[in-house]
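# Close look at the chain arrangement
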Amino acid sequence: MTDTAAPVVFVLNGPNLNLLGMREPEIYGHDTLDDIAGRLEDRAQDLGLSVDVRQSNHEGHLVDWLHEAQAVGARAVLLNAGAYTHTSVALHDAIKGIKTPVIEVHLSNPHKREEFRHRSYVGMAAKATVAGFGAASYLVALDAVLHL
Ligand code: CA2
């Protein structure tokens, strides 16, 4: 039987990103995570991909989902780990521990912000980073999946 299912891209979002669109719009914009998910679904369809968009405030969930991405044969992972970006050796190790390519995504450009945001344990392990385009960072990263 021919497998006609579109390859899946996991889009994993870390702590506080469930608050998107509700606070600090001057930094993170007015779009909610659901708005971004809708746009990603449309774009994925155009690209012949599908997306599985998730959010958790718990580091271990993100680790489990990275493992799951590999287990189900996801084409790639787009990961906005939120503040765990700057603290999590566990996420760094999980990214290194899977063969699935991971693209780090940020709405803002952490390098233009406080110094504690300049170190990224995710970025040190990820294939690439897209940052600073607001919600469009996710779309740019999804487009880039075709170039992996
Ligand atoms: O720019 C990004 O995408 C960040 O990953 C967002 C994180 C921040 O810790 C990173 O340095 C950069 C924060 C996500 C929190 O999102 C909120 C959204 C609305 C209101 C409050 C927090």
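Definitions and limits used
- Each chain carries its own residue numbering, running from 1 in the direction its sequence is written.
- Totals for whole chains, interfaces and linings use every residue, but because this is a predicted model, local features are given only for residues with pLDDT of at least 70 and side-chain atom pairs only at 80 or more, for both listing and counting.
- Side-chain numbers here rest on the full set of heavy atoms in the structure, without hydrogens or water.
- The pairing criterion is simple: DSSP has to find at least two bridges between the two strands.
- Counting from the N terminus, the helices are DSSP H or I runs at least four residues long and the strands are E runs at least two residues long.
- Structural elements are reduced to axes, namely lines fitted to C-alpha atoms, with helices fitted over the stretch in contact, and the angle between N-to-C directions of any two is expressed from 0 to 180 degrees.
- Any two residues whose heavy atoms approach within 4.5 Å at even a single point are treated as in contact.
- The buried label goes to any residue with under 20% of its type's maximum accessible area, the exposed label to any with over 50%, and the partly exposed label to all in between, with areas taken from a 1.4 Å probe on protein chains only.

## Some details on the sheet that holds strand E5 (residues 128–131)
Pairing in this open sheet of five strands is parallel, and the strands run E2-E1-E3-E4-E5 from one edge to the other. Looking at the sheet topology across the chains shown, the edges are occupied by strand E2 (50–55) and E5. Geometrically, the sheet is characterised by an average inter-axis angle of 20 degrees between neighbouring strands, direction not taken into account. Sheet contacts for helix H5 (residues 136–145): strand E1 (8–13), E2, strand E3 (76–80), strand E4 (102–106) and E5; angle to E4, the most-contacted strand, approximately 160 degrees.

## Focus on the side chain of histidine 106
Position of histidine 106 among the secondary structure elements: in strand E4. Judged by relative accessible area, histidine 106 falls into the buried class, the value being 7%. Residues within four places of histidine 106 in sequence aside, it is in contact with Asn80, Thr85, Val130, Ala131, Gly132, Phe133, Gly134 and Ser137.

## Some thoughts on H5
Turning to H5, its buried residues number three or more, namely Ser137, Tyr138, Leu139, Ala141, Leu142 and Val145. Looking at the buried residues of H5, the elements they touch are E1, helix H2 (33–47), E2, E3, E4 and E5.

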